[in-house]
Amino acid sequence: MCGIAGCLSLNEVPPHEADVSAMLAPMICRGPDGSGVKAVGPAVLGHRRLSIIDLAGGAQPLDNEDGSVWVTFNGEIFNYRELRQHLSGRGHRFKTDSDTETLVHLYEEYGAGLTSHLEGFFAFALYDSAKRKLLLVRDRAGIKPLFYFQTAQSLVFASTVSALKEHPEFPAGYDPQALWDFLSLQYIPQGTAYRSAKELPPGSRLEIELPERTPEITRYWHPEYVPKLEISYEDACRELDKRVRQAVSDRLIADVPLGIFLSGGVDSTIVAGLAAEMVDSPLRCYSIAFREKVYDEREYAAENAQWVRQFAKHGLEHKIREVDPCDIAIPDRLIREYGQPFADASLIPTSLLSAFAREEVTVALGGDGADEMFRGYERYIAMRYLARFDWIPESVRAPLFRLFCALLPSGGERTKSARAKRFFNGAARSGAARYLGIVSHTDENLKRRFCGGFFDGVRPTLDQFDAGRYFERASDCSEFDFHTYLPHDILTKADTASMSASLELRSPFLDRRVIEFAAALPDSYKEQGGFRKRILCDTFAKYLPPGLNRRKKRGFGVPLADWFRNEWKDLPGERLLHGKGVELGIFTSAGLERLIREHQAGADHSYALYSALVLEMFLDHEKA
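About the thresholds
- Residue positions are given per chain, counting from 1 as you read along its sequence in written order.
- Local features are withheld for residues below a pLDDT of 70 in this predicted model, meaning they are given only at 70 or higher, and side-chain atom pairs are given and counted only at 80 or more; totals for whole chains, interfaces and linings count all residues.
- As a rule here, side-chain values come from all non-hydrogen atoms in the structure, and water together with hydrogens is ignored.
- Here the aromatic set is Phe, Tyr and Trp, taking the six-membered ring for Trp, and pairing holds for ring centres within 6.5 Å; pairs whose planes are under 30 degrees apart are stacked, those over 60 apart are edge-to-face, and all others are tilted.
- Relative accessibility decides the category of a residue: with a 1.4 Å probe and only protein chains considered, values under 20% of the type maximum give buried, values over 50% give exposed, and everything between is partly exposed.
- Every helix listed is a DSSP run of H or I at least four residues long, and every strand listed is a run of E at least two residues long, numbered separately from the N terminus.
- Counted as over-ring charges are cases with an Arg CZ or a Lys NZ within 6 Å of the ring centre that also lie within 35 degrees of the ring normal.
- Residues qualify for a patch when their relative accessible area is over 30% and they have no salt bridge, like charges being joined within 9 Å and the nonpolar side chains of Val, Leu, Ile, Met, Phe, Trp and Tyr within 5 Å.
- Method for areas: the Shrake-Rupley scheme with a 1.4 Å probe, in which residue coverage is limited to the protein chains shown.
- A side-chain nitrogen of Lys or Arg and a carboxyl oxygen of Asp or Glu constitute a salt bridge if their distance falls within 4 Å.
- A pocket, in this scheme, is an open set of points on a 1 Å grid over the protein atoms alone with protein on both sides within 12 Å along at least 5 of 7 lines, while a cavity is a set where a 1.4 Å probe fits but cannot get out; residues line either one if an atom lies within 4 Å of a point.
- Grid points are joined across faces, edges and corners, and a volume is the space filled by probe spheres set on the points.
- Throughout, the ten residues Ala, Val, Leu, Ile, Met, Phe, Trp, Tyr, Cys and Pro are labelled nonpolar, Asp, Glu, Lys and Arg are labelled charged, and all others, Gly among them, are labelled polar.
- Disulfides are defined as cysteine sulfur pairs within 2.5 Å.
- Note: two strands are recorded as paired if DSSP finds a minimum of 2 bridges between them.
- It only takes one pair of heavy atoms within 4.5 Å for two residues to be counted as in contact.
- Only the contacting stretch of a helix is used when fitting its axis, a line to C-alpha atoms as for every element, and angles between N-to-C directions run 0 to 180 degrees.
- An expected span of 1.5 Å times one less than the residue number is assigned to each helix.
- Starting at the helix axis, one direction is taken to each C-beta atom, and the arc is that of these directions.
- We call two directions roughly parallel when the angle between them is under 35 degrees, roughly antiparallel when it is over 145, roughly perpendicular when it lies between 65 and 115, and oblique otherwise.
- Two helices crossing with the near one rotated counterclockwise from the far one by less than a right angle form a left-handed crossing, whereas a clockwise rotation gives a right-handed crossing.

Draft legend 1. Geometry of the packing of aromatic side chains. All told, the structure shown has 25 aromatic pairs when counted by the stated rule. With centroids separated by 5.7 Å and ring planes inclined at 70°, the aromatic side chains of Tyr377 and Tyr380 adopt a geometry described as edge-to-face. The class for Tyr377 is buried, based on a relative accessible area of 10%. Since its relative accessible area comes to 0%, Tyr380 is described here as buried. On the basis of an interplanar angle of 85° and a centroid distance of 5.9 Å, the ring pair of Tyr435 and Phe480 is categorised as edge-to-face. You can see Tyr435 sitting in helix H15 (residues 431-439) and its partner Phe480 sitting in helix H17 (residues 477-483), a full 45 residues away along the chain. Side by side, Tyr435 and Phe480 carry an identical accessibility label, which is buried. Counting every residue linked through ring pairs, the aromatic cluster contains Phe149, Phe170, Tyr174, Tyr194 and Phe618. In this structure, Arg379 packs its charged tip against the face of Tyr377, placed 4.2 Å from the ring centre. Above the ring of Tyr485, the side-chain terminus of Arg379 is found at 4.9 Å from the ring centroid.

In structure tokens form, the structure reads like this:
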């Protein structure tokens with residue numbers, strides 16, 4: 001797990017190594033164990049290293065036998081030993097024991113088609129000096145990030161937008177549409193906060209061969225959700241067991257200590273149970289606790305650890321630490337490191353958990369991806385139930401259910417009234433608009449009340465998605481989440497939080513073989529009669545304490561609504577009313593004052609306030 005950066009000159013003027021060195025500086029947390037910069041003709045590749053495999057060797061950038069192919073790599077290739085054996089048999093000579101070196105030799109054999117041979121998660125840049133060709137690649141699910149921008153002189157790339165901004169050619173200029181969408185979703189659903197900086201999509205590669213100046217972007221992989229497999233439920237359980245078991249085994253490969261993020265839920269408990277049977281040392285599990293009972297899972301996590309202990313061949317160590325996430329300095333620092341606004345507040349406890357685990361381990365396994373792949377979110381069931389109201393004409397349904405919403409009292413995120421409001425709000429809409437209404441935290445009307453002229457001309461957030469293809473059936477919500485919410489929210493959070501602590505976080509449920517199998521399973525195997533993650537719970541039932549699969553899902557939230565009425569009561573006024581957001585016309589002082597006043601009076605505007613606050617933090621970190 002590392003940070004990468006680099007530049008390709010498009011005009012025959014050699015780029016400066018110092019520019020790439022400057023880009024590496026903000027990524028020191030991503031790679032505290034070393035750094036390197038290499039100029040190869042019109043290209044400069046840079047690397048910051050977090051040592052996981054081949055601790056003594058494996059320094060990057062790294063080349064092939066004759067120095068014609070160079071790579072800078074972020075991630076892990078889990079089948080590198082098999083690839084190495086295959087490539088050695090074809091005459092390739094290796095000088096390190098690292099997984100990274102397989103890439104340059106694999107490229108020699110298969111060119112850009114090397115991606116079809118890789119099992120793992122990654123973002124890398126490879127330069128072929130003979131062809132004067134740069135190849136950028138991102139893993140299938142989008143676990144590792146990769147951003148870039150292009151000017152008339154250069155194509156520049158890096159693991160973070162904060163690194164891109166250190167390059168002297170970085171083109172300033174915010175993208176109003178991206179920031180408008182951010183205020184709805186708490187993340188930017190595509191692209192970046194800047195007009196000219198882009199994100200390489202998951203499962204994609206970018207190729208540019210000089211003297212050409214226009215890069216070609218190709219989607220090399222995507223999961224097939226249709227047609228569905230014709231397989232019995234029993235056979236599906238057996239196949240799922242094999243694939244997940246292999247995915248966990250692969251992710252235990254490391255030359256450094258590793259542990260498990262253990263919550264009170266199903267997914268991490270399954271990972272812990274499987275890992276407990278495989279590791280040849282005591283399994284280390286880490287959980288965090290909160291003072292607020294509605295968010296605290298320490299009792300459930302302890303119960304899960306106790307149950308999993310029976311499968312541990314060499315014992316199990318479970319450590320819990322109570323944390324106070326109510327520290328505005330945490331998101332402030334993380335937004336600076338990430339280089340973009342990101343307002344999923346669960347980033348805060350995830351970063352605290354990462355820092356806690358990093359005191360003892362360098363690698364951790366978690367349960368990310370299972371909810372999207374096995375229909376674990378409550379909103380999937382809600383969409384199915386809400387479809388029953390579609391017989392009512394929308395002209396009647398919309399005002400009726402909006403009236404119900406207005407009559408319900410306001411409350412915090414996890415109150416019954418808040419859940420009922422989201423349900424009725426969904427009932428008022430149809431299809432994609434219904435689902436975006438459920439997952440959006442600040443709707444178009446509320447944004448207009450406190451946003452300014454900066455957003456004149458933007459389109460509704462719904463228009464940014466190719467949503468029609470996903471919502472012919474209610475069950476297509478999980479496919480939509482796989483391509484939007486998972487890479488841009490969940491995986492962004494996981495990468496940003498873990499890398500801030502110099503911790504590598506691995507997700508077995510996002511193994512390619514698991515994803516492809518889960519996508520092709522009949523929907524009833526994943527959710528039936530309100531039983532979410534059905535096949536996952538049945539397949540790995542022995543690892544789950546009795547009753548675990550019937551517990552209410554809590555997630556990893558924080559009590560924003562209460563904080564903005566108590567500990568953070570004065571924060572919005574102090575940071576927002578006279579901040580850069582108002583100065584640039586992103587917000588209006590009058591609109592913000594009304595938003596703050598209504599929240600203090602009992603309305604729940606916590607998501608809108610937090611998103612505005614995070615955007616202000618982002619603006620504060622911009623260079624003058």
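Draft legend 2. Inspection of a nonpolar patch on the surface at higher detail. On the surface, Leu400, Leu403, Phe404 and Leu407 cluster together to form a nonpolar patch covering roughly 370 Å² of accessible area. Within the secondary structure, Phe404 sits in helix H13 (residues 394-407).

Draft legend 3. Local environment of empty space enclosed by the protein. Applying the stated rule across the entire model yields 8 cavities of 30 Å³ or more. Estimated volume of the largest cavity: approximately 190 Å³. Taken together, 21 residues line the largest cavity, and the ones lying closest to its centre are Arg30, Thr160, Tyr338, Asp495 and Thr496. Counting residues per element, the ones that place at least two in the lining of the largest cavity are helix H9 (329-338) and helix H18 (485-500). Considering each element in turn, the lining of the largest cavity owes the most residues, 7 residues, to H18. By volume, the second largest cavity is sized at about 110 Å³. Contributing to the lining of the second largest cavity are 15 residues, with Cys2, Arg49, Gln60, Asp99 and Thr100 lying nearest its centre. Looking at the lining of the second largest cavity element by element, the count peaks at 3 residues for strand S5 (residues 69-77). The residue inventory of the lining of the second largest cavity, partitioned by class, reads 6 nonpolar, 6 polar and 3 charged.

Draft legend 4. The arrangement of the state of the cysteines in detail. Taken as a whole and judged by the stated rule, the model has 0 disulfides. In this structure Cys537 is not part of a disulfide, and its nearest cysteine sulfur, from Cys237, lies 11 Å away.

Draft legend 5. Fine view of the sheet that holds strand S7 (residues 133-138). The strand order across the open sheet built from 6 strands is S4-S5-S6-S7-S11-S12, with neighbouring strands paired in antiparallel fashion. Each end of this open sheet is capped by a strand with a single partner; those strands are strand S4 (62-63) and strand S12 (216-219). Running over the sheet, helix H3 (residues 101-110) touches S4, S5, strand S6 (120-128) and S7 and is turned about 125° from S5.

Draft legend 6. Spatial organisation of the pattern of salt bridges. In the structure shown here, the tally under the stated rule is 40 salt bridges. Glu239 is paired through a salt bridge with Arg243; the nearest N and O atoms lie 2.7 Å apart. In this pair, Glu239 and Arg243 are both assigned in helix H6 (residues 233-250), 4 residues apart and thus about one turn of the helix distant. You can call Arg243 partly exposed: its relative accessible area is 25%.

Draft legend 7. Geometry of the pairing of strand S8 (residues 147-150). Relative to strand S10 (residues 197-199), S8 runs antiparallel, the two being bridged by 3 bridges. Residue pairing for S10: Phe149 is matched across the bridge by Ala197. Here S8 pairs with strand S9 (residues 154-158) via 4 bridges, running antiparallel. By the bridge assignment for S9, Phe149 is matched with Val156. Linking S8 to S9, which pair antiparallel, is a turn of 3 residues.

Draft legend 8. Seen up close, unusual backbone geometry. A cis amide bond links Gln60 with the next residue in sequence, Pro61, at an omega value of -5°. Considering the arrangement of structural elements, one finds Pro61 in the loop between strand S3 (43-49) and S4. Going from Val226 to Pro227, the amide bond is cis rather than trans, its omega being -5°. Note that Pro227 resides in the loop between S12 and H6. Although it is not a glycine, Gln186 sits at a positive phi angle of roughly 80°. Structurally, the position occupied by Gln186 is in the loop between helix H5 (176-185) and S10. Using a relative accessible area of 3% as the deciding quantity, one classes Gln186 as buried.

Draft legend 9. Quick peek at the pairing of S5. Extensive coverage of S5 is indicated by the burial of 9 of its 9 residues. In this structure, S4 lies alongside S5, joined through 2 bridges in antiparallel fashion. Across the sheet, Asp63 pairs through a bridge with Trp70, a residue of S5. The hairpin formed by S4 and S5 contains 5 residues between the paired strands, and Gly67 there has a positive phi angle of roughly 75°. Sheet analysis places S5 next to S6, joined by 9 bridges and oriented antiparallel. Considered in S6, the bridge of Asn74 is made with Ala123.

Draft legend 10. Inspection of H13 at higher detail. The end-to-end C-alpha separation of H13 is 20 Å, in line with the 20 Å expected for 14 residues at 1.5 Å each. For H13, the set of buried residues is Arg397, Ala398, Phe401 and Cys405. Along the axis of H13, the buried residues cluster in a sector spanning 95°; they form a single face. Turned more than 90 degrees off the buried face of H13, the exposed positions are Ser395, Ala406 and Leu407.

Draft legend 11. Spotlight on the environment of Leu134. By the secondary structure assignment, Leu134 is in strand S7. With 127 residues separating them along the chain, Leu134 and Cys7 place their C-alpha atoms 9.5 Å apart. Those residues within four positions of Leu134 in sequence are excluded, and the remaining contacts are Leu8, Ala125, Leu126, Tyr127, Leu155, Phe157, Leu206, Glu207 and Ile208.

Draft legend 12. Structural detail: the packing of helix H2 (residues 80-89) against H3. Put simply, H2 and H3 touch, their axes get as near as 10 Å, and they point 50° apart. Comparing the axis directions of H2 and H3 gives the class oblique. The two elements H2 and H3 cross, and the hand of that crossing is left-handed. Here H2 contributes Tyr80, Leu83, Arg84, His86 and Leu87 to the contact with H3, which in turn contributes Thr102, His105, Leu106, Glu109 and Tyr110.

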